[in-house]
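Each chain, letter by letter, is given below.
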Amino acid sequence: THISIHIIMKINASLFALLPGVVSAFTTTPLAATTAGRSSSSNTILQAFEEEIGVTAPLGFWDPLGLLKDADQERFNRLRYVELKHARISMLAIVGH
């Protein structure tokens, strides 16, 4: 009984630790607050990526972590390449599972 309570407490602690990540996946970033403080060069960069494949109408160019805040086209292309590579590896891993 003592071991099972210990295991349940570990599971609860793990779930509680994951909670902020799960919640942040379903919340929106305050775009008005983030775009208001950006310089005009950052807005120009974001507008440059608005025409890329995958930009959707309701969200536009979506970069919630700000990874491309001061990035150029070369950085954008590199991150897109890495994202596609990891997605393909993940799909192969699921097929192998």
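Residues numbered from 1 in each chain as written. Predicted model: local features only at pLDDT ≥ 70, side-chain atom pairs only at ≥ 80, totals over all residues. Heavy atoms only, no water.

Participant: What am I meant to see in the overall build of the protein chain here?
Facilitator: When you go through the protein chain residue by residue, the secondary structure sums to four helices and zero strands. The linear arrangement of helices and strands in the protein chain, starting from the amino end, is α-α-α-α. Residues counted as buried form 10% of the 97 residues belonging to the protein chain. Taking contacts inside the protein chain between residues at least 6 apart in sequence as the whole, the part at least 24 apart equals 36%. Within the structure as shown, the protein chain displays about 8200 Å² of accessible surface, and the carbon and sulfur contribution to it stands at 67%. (Helix = DSSP H or I, 4+ residues; strand = E, 2+ residues; numbered from the N terminus. Buried < 20%, exposed > 50% of the residue type's maximum accessible area, 1.4 Å probe, protein only. Contact = heavy atoms within 4.5 Å. Areas by Shrake-Rupley, 256 points an atom, 1.4 Å probe, with all protein chains shown as cover.)

Participant: I would appreciate a short explanation of a nonpolar patch on the surface in the present structure.
Facilitator: There is a patch of nonpolar side chains on the surface, built from Ile7, Ile11, Leu15 and Leu18 and spanning about 390 Å² of accessible area. Here Ile11 shows up in helix 1 (residues 2-25). (Patch = residues over 30% accessible without salt bridge, like charges linked within 9 Å, V, L, I, M, F, W, Y side chains within 5 Å. Salt bridge = Lys/Arg side-chain N within 4 Å of Asp/Glu carboxyl O.)

Participant: What is the right way to read the nonpolar core from this model?
Facilitator: What tends to happen in soluble globular proteins is that the nonpolar side chains get buried as a cluster. With five residues, the main nonpolar core is built from Phe49, Phe61, Leu68, Ala71 and Phe76. Here Phe76 is in contact with Phe49, Glu52, Phe61 and Leu68, once residues within four sequence places are set aside. (Core = buried A, V, L, I, M, F, W, Y, C linked by side-chain atoms within 4.5 Å.)

Participant: Is there a simple way to explain the confidence of the model for the protein chain in this structure?
Facilitator: A residue-level look at the protein chain finds 70% of positions with pLDDT of 70 or above and a mean pLDDT of 74. Per-element mean pLDDT across the protein chain ranges from 45 in helix 2 (residues 31-36) up to 90 in helix 4 (residues 73-96). This stretch, residues 30-40, has a pLDDT under 50; its non-local contacts, to residues over four places away or in other chains, come to three contacts. (pLDDT = per-residue confidence, 0-100.)

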